[in-house]
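# Chains, contacts and geometry: an overview
One-letter residues, chain by chain:
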Amino acid sequence: MTIRDRLASAASVVRASLQPLPATQGDVAQVADLTPDARLALGLPADLGATGAPITRREAMRVPAFARGRQTICGTVGMLNLVRVRGDERDADHPLVSQPDPRCTRQHTWTWLTDDLLCRGIAWARVLDRDATGYPTHLERVAGHRVSIGDQPDAVYIDGRRVDAEDVKRFDAPHEGVLAFGADVLRAALALELAVGRYADNPTPTSILYDKRPIEADVTELDPAARDDLLKRWREGNRRDPVRWLNRMVGHERLSYTPTELDLTAARQQAAVQVARLLNMPSRQVNAPSETGMTYQNVSADRLEVIEVTCAPYLVAIEQRLSMPDMTPRTTTVTWDRAAYVVGTPADRLTNAAAAVAAGLMSVTEARRHYLGLGPADDLPTTPQEQP
């Protein structure tokens, strides 16, 4: 029985209060389409948001697979170095690329700007300083909720205050944001996480207590306070001991399946795979099941895939925006130094450094800095030496 079949079966026990399940494809996606009563029968929150509506970033970050994927994408972009290139000259010390915001690290600025691109499809930055020629030297990332656009093209507001439109720079991702187009998958994954938490807090399946006495009997109904006290003691007792005793006047009926019967573990793994697809990354990056395993020998290829496939849309969006004529001179472009991230194992880095020096492409000092992250050594030659 598939997860979808189990969900549909569990939902059907709520009887007349349920509507038919929509005929969409996929097991995990069905969670977001259940009616509130069906969600309660499964131990899920009744309000999961409307299907198709964007999910908030705070909610998405509660999904472990999304949180890990976000850390991989944004963290990788944040650790890379930007370089200004003009002809044969490479400048990594210009403040715009070395530390755009003087109040925080370079990593913090680009990590959170990439987060905006990933989650919402748009990122904003405000120019803090300019050089003598009018080009930006420092900028700060501005959270999207702080920016608003007025009726006029140059009417830009930050925190409700109008600012110079020339000082506000917009970065665009190649999509409308994962929180928008991936809302249904993320909401379903969140629902499964909440279900696990609910079952952990109360391992007893959702159930009802009812009065077994005949309606015709001359009995007194419990008042609301007494019913609430009974239910409270029932829940507290279940947490201490799953074995409970009822007298002949009170009946008990289970309305949902246990976590084992629902196979929540498999559902969560499938949800993690779907989240990885949303983020355009291999499922192994979010610790979801994968047909291929990682080995020491293919770490370099894995890092290259992260850079050139998963992170590439955001890397290109940032470097091309910084290369536009309102940010840098027309003869200058800004690019990421990807090589330092994908050089692989220490043995690979040593091999590449030696090859670069032997070919005359780098000095020893340059190779030490680029491949090994080391400074110059006084007792070593700075240029390749001829072998006797």
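Residues numbered from 1 in each chain as written. Predicted model: local features only at pLDDT ≥ 70, side-chain atom pairs only at ≥ 80, totals over all residues. Heavy atoms only, no water.

### Focus on a nonpolar patch on the surface
Where we set the bar: Each patch is built from residues that are more than 30% exposed by relative accessible area and take part in no salt bridge. Like charges join if they lie within 9 Å; nonpolar side chains (Val, Leu, Ile, Met, Phe, Trp, Tyr) join within 5 Å. Exposure was quantified through the Shrake-Rupley algorithm and a 1.4 Å probe, taking into account, for residues, occlusion by the shown protein chains and nothing else. Whenever a carboxyl oxygen of Asp or Glu lies within 4 Å of a side-chain nitrogen of Lys or Arg, that contact is scored as a salt bridge. The way it works is that DSSP assigns letters per residue, a run of H or I at least four long becomes a helix, a run of E at least two long becomes a strand, and they are numbered from the N terminus. Per-residue accessibility, obtained with a 1.4 Å probe over protein chains only, is compared with the maximum for each type, and a residue is labelled buried under 20%, exposed over 50%, and partly exposed between these values.
On the surface, a nonpolar cluster with roughly 240 Å² of combined accessible area is contributed by L350, L372 and L374. On the secondary structure map, L350 appears in helix 15 (residues 346-358). We classify L350 as exposed; its relative accessible area is 51%.

### Some details on the confidence of the model for the chain
We apply this condition: You can read pLDDT as the predictor saying how much it trusts each residue, on a scale of 0 to 100. Contacts are assigned to residue pairs that have any heavy atoms within 4.5 Å of one another.
The predicted model of the chain averages 78 in pLDDT, with 71% of residues at 70 or higher. Here residues 6-32 scores under 50 on pLDDT; set against residues more than four positions off or in separate chains, the count is 60 contacts. This model gives residues 39-46 a pLDDT under 50, and the stretch forms 34 contacts once residues within four places in sequence are excluded.

### A few points about the sheet that holds strand 11 (residues 333-337)
The strands that make up a sheet pair up through hydrogen bonds in the backbone, lying either parallel or antiparallel. Defined as follows: Any two strands with at least two DSSP-identified bridges between them are counted as paired. Lines fitted to C-alpha atoms define the axes here, with helix axes fitted over just the stretch in contact, and angles between the N-to-C directions of these axes take values from 0 to 180 degrees.
Ordered in space as 2-1-11, the 3 strands form an open sheet in which the pairing is antiparallel. Edge strands, defined here as strands with exactly one partner in the open sheet, are strand 2 (89-91) and strand 11. If you compare each strand with its neighbour and ignore which way they point, the axes differ by 35 degrees on average. Pairing analysis gives 3 bridges linking strand 1 (residues 81-86) to strand 2, with the strands arranged antiparallel. Bridged to R86 within strand 2 is E89. The sheet strands contacting helix 13 (residues 312-322) are strand 1 and strand 11, and the helix crosses strand 11 at an angle near 150 degrees.

### Observations regarding the environment of K169
As a reminder of what qualifies: Here a polar contact is recorded for every N or O atom pair within 3.5 Å, except that within protein the pair must consist of a potential hydrogen donor and a potential acceptor, and residues adjacent in sequence are included only if both atoms are side-chain atoms.
Relative to the elements of secondary structure, K169 occurs in strand 8 (residues 168-172). You can call K169 buried: its relative accessible area is 3%. Sequence-distant contacts of K169, that is, excluding residues within four places in its chain, are made with A123, W124, A125, V127, R130, R321, D326 and M327. Looking at K169, its side chain comes within polar contact range of the side chain of D326, at 3.1 Å.

### Looking at the nonpolar core
The cut-off we apply is this: Here, the term nonpolar core denotes a set of buried Ala, Val, Leu, Ile, Met, Phe, Trp, Tyr and Cys residues that are joined through side-chain atoms within 4.5 Å.
F66, L117, L186 and I318 are the most contacted members of the largest nonpolar core, which totals 54 residues. No other element matches the 8 residues that helix 11 (residues 264-278) contributes to this core. Leaving out residues up to four positions away in the same chain, F66 has contacts with A60, M61, C119, V178, L179, L186, V275 and L279.

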